[in-house]
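# Understanding the architecture of this molecule
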Amino acid sequence: MRVALAQILATDDPAANLELVADHTALAAQQGATVVVFPEATMCRFGVSLTPVAEPLDGPWATRVREIAAQHDVLVVVGMFTPTDDGRVTNTLLVTGRGVDTAYDKIHLYDAFGFAESDTVAAGTKPTTVTVDGTTLGLATCYDIRFPELFRALADQGATVTLLPASWGAGPGKVEQWQLLVRARALDATTFVLAADQADPASRGIDAGKAPRGVGHSLAASPFGVTIDELGAEPGLLVVDVDPEQVPDVRAALPVLANRRL
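None of the values given here were measured: they were computed from a predicted structure.

What follows covers the overall build of the protein chain. Of regular secondary structure, the protein chain possesses five helices and 15 strands. Computed over the C-alpha atoms, the radius of gyration of the protein chain is 17 Å, within 12% of the 18 Å expected from 2.2 N^0.38 for a compact globule of 262 residues. Its C-alpha atoms put the protein chain at 50 × 40 × 35 Å along the principal axes. Expressed as a percentage of its 262 residues, the buried residues of the protein chain come to 55%. Just so you have it, the protein chain exposes about 10,400 Å², and 51% of that area is on carbon and sulfur atoms. Averaging the coordinates of the 19 positive side-chain charges in the protein chain and doing the same for the 32 negative ones gives two points 6 Å apart.

Pasting the structure below:
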C-alpha cells in the first residue's frame, strides 16, 4: 500500500484549503499513492472561530473532497469541522474514496498546555476503522496519540495501519514528544502509524500564536516503532510504501496484544 502524507499549511479560507487538497491529491496520485492523508483542521486552521466554517458531511466542502477522491481513484482522509446542536463543532475526519465514505469524530480533545479544545469542540465516542483494498485502517486525530488504549482498540478491530492527521501544538520539547508518541503507539499496537501534521507556520515566517497550528515532522512508523521516513518543518508530501502483511509476523514475534493482562 502506497500512502501519501500531505503536510500542508492550512489557512482560514476553506476554499483555498480545498485547492491545497486538490493539488496534493493529484501529486500523490501521480506518484502512485492510493491513500492520501491530510492534517487535522485542513478545512480551516485553528486560531479562528470554527463555527462559521463548519459544514455537515453532505455540504459543499465535503462534496468537493469526494469529487477529488473520485477523480484520482484514491482514498482521501482529511480534517474538517461539522456543526453540533449545542453551538460547538465536531473535529471530524472525512474518509472518502475507493468505495469508502465515512467519518471519525475526534475522541480525545486537546485540553492541555493551556489550550481548551472542548470549549468549542464536542468529543466523539466511537473508535473507527475502514477497510480499503483488503486492508483495515484505524483512524485517530492528534491528541488521540497520547492514549494507547485507543490504538489497541483499533488493532482489536483489525487495524494493521492507523492514520493520524494532526495539528500539533508547538512548544519546548513538543516535536520530540510527537516523534516519540507516534513510534510508541505503533509499537504498543504493533501497527503501522502514518501521521500527517500541519506544517510549522514558523517555517514560513508566520506567528502561530497560542493555537495548535502544527510543527511539521509528518512521519511513518513501523509496527516495531521504527521511523520509516519523516519530513521536516516545511510543507511537503511524504510518500511511503507499507506492507500490512508484515503485521502478523511482527505480532508473532512481539505478541503484546495477546499477552495483555489488564
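A few words now on the nonpolar core. With 48 residues, the main nonpolar core has L163, V182 and L194 as its most contacted residues. The contacts of L163, once residues within four sequence positions are left out, are V35, V37, V77, L137, G138, L139, A140 and L194. Membership of the second largest hydrophobic core comes to 34 residues, among which are V36, V53, V65 and L237.

Right, let's get into the packing of helix α1 (residues 14-30) against helix α2 (residues 60-72). Close contact between α1 and α2 brings their axes to 10 Å; oriented N to C, the two are set at 15°. Here α2 runs roughly parallel to α1, going by the angle between their axes. Considering only the axes of α1 and α2, their crossing is right-handed. Mapping the contact onto sequence places P14, L18, V21, A22, T25, A26 and A29 in α1 and W61, R64, V65, I68 and H72 in α2. Residues that form the contact of α1 with α2 fall into these classes: nine nonpolar, two polar and one charged.

Considering all chains together, one arrives at six aromatic pairs under this definition. Taking the centre distance of 5.5 Å and the plane angle of 70° together, the rings of Y110 and Y143 count as edge-to-face. Placement of the pair is Y110 in the loop between β5 (100-105) and β6 (111-112) and Y143 in the loop between β10 (135-139) and α3 (148-156), with a sequence separation of 33 residues. Taken individually, Y110 and Y143 each receive the classification buried, so the pair is uniform in this respect. Among the aromatic residues, those joined into a ring-pair cluster are F46, F81, Y110, F115, Y143 and F147. The ring centre of F113 lies 4.5 Å from the NZ or CZ of K174, which sits over that ring.

Per the UniProt annotation, the sites labelled "domain: CN hydrolase" (unreviewed entry) are residues 1-244. In residues 1-244, the share of helix is 23% and the share of strand is 30%. The end C-alpha atoms are 8 Å apart.

What follows covers the sheet that holds β10. A sheet is described by the order of its strands in space; here six strands give the open sequence β9-β10-β11-β12-β13-β14, paired in mixed fashion. Of all the strands in the sheet, just β9 (128-132) and β14 (227-230) have a single pairing partner and so form its edges. Direction aside, the axes of adjacent strands within the sheet are offset by 20° on average. Where β9 meets β10, five bridges bridge the pair, whose relative direction is antiparallel.

Turning our eyes to something else, we now look at empty space enclosed by the protein. Inspection of every chain in the model, using the stated rule, returns one cavity of 30 Å³ or more. If you trace the largest cavity, you find 15 residues lining it, with Y110, C142, S167, G169 and P212 closest to the centre. Class assignment of the residues belonging to the lining of the largest cavity gives a composition of eight nonpolar, two polar and five charged.

Time to look at α3. Every α-helical turn comprises 3.6 residues, leaving residues that sit three or four positions apart pointing alike. When α3 is considered as a whole, its buried residues turn out to be L150, F151, L154 and A155. One side of α3 carries all its buried residues, which in axial view fall inside an arc of 140°. Positive backbone phi, at 105°, marks G158, one or two positions downstream of α3.

Parameters and conventions
Residues numbered from 1 in each chain as written. Predicted model: local features only at pLDDT ≥ 70, side-chain atom pairs only at ≥ 80, totals over all residues. Heavy atoms only, no water. Helix = DSSP H or I, 4+ residues; strand = E, 2+ residues; numbered from the N terminus. Rg over C-alpha atoms; globule rule 2.2 N^0.38 Å. Buried < 20%, exposed > 50% of the residue type's maximum accessible area, 1.4 Å probe, protein only. Areas by Shrake-Rupley, 256 points an atom, 1.4 Å probe, with all protein chains shown as cover. Lys, Arg positive; Asp, Glu negative; His and termini not counted. Charge placed at Lys NZ, Arg CZ, Asp CG, Glu CD. Core = buried A, V, L, I, M, F, W, Y, C linked by side-chain atoms within 4.5 Å. Contact = heavy atoms within 4.5 Å. Axes fitted to C-alpha atoms, helices over the stretch in contact; angles between N-to-C directions. Parallel < 35°, antiparallel > 145°, perpendicular 65-115°, else oblique. Left-handed = near helix turned anticlockwise from the far one by under 90°. Nonpolar A, V, L, I, M, F, W, Y, C, P; charged D, E, K, R; others polar. Phe/Tyr/Trp six-rings, centres within 6.5 Å; stacked < 30°, edge-to-face > 60°. Lys NZ or Arg CZ within 6 Å of the ring centre and 35° of its normal. UniProt positions renumbered as here; feature names shortened; annotations may be inferred. Pairing = 2+ DSSP bridges. 1 Å grid on protein atoms, 1.4 Å probe; cavity = no way out; pocket = protein on both sides within 12 Å on 5 of 7 lines; lining within 4 Å. Points joined across faces, edges and corners; volume = space filled by probe spheres on them. Arc of directions from axis to C-beta.

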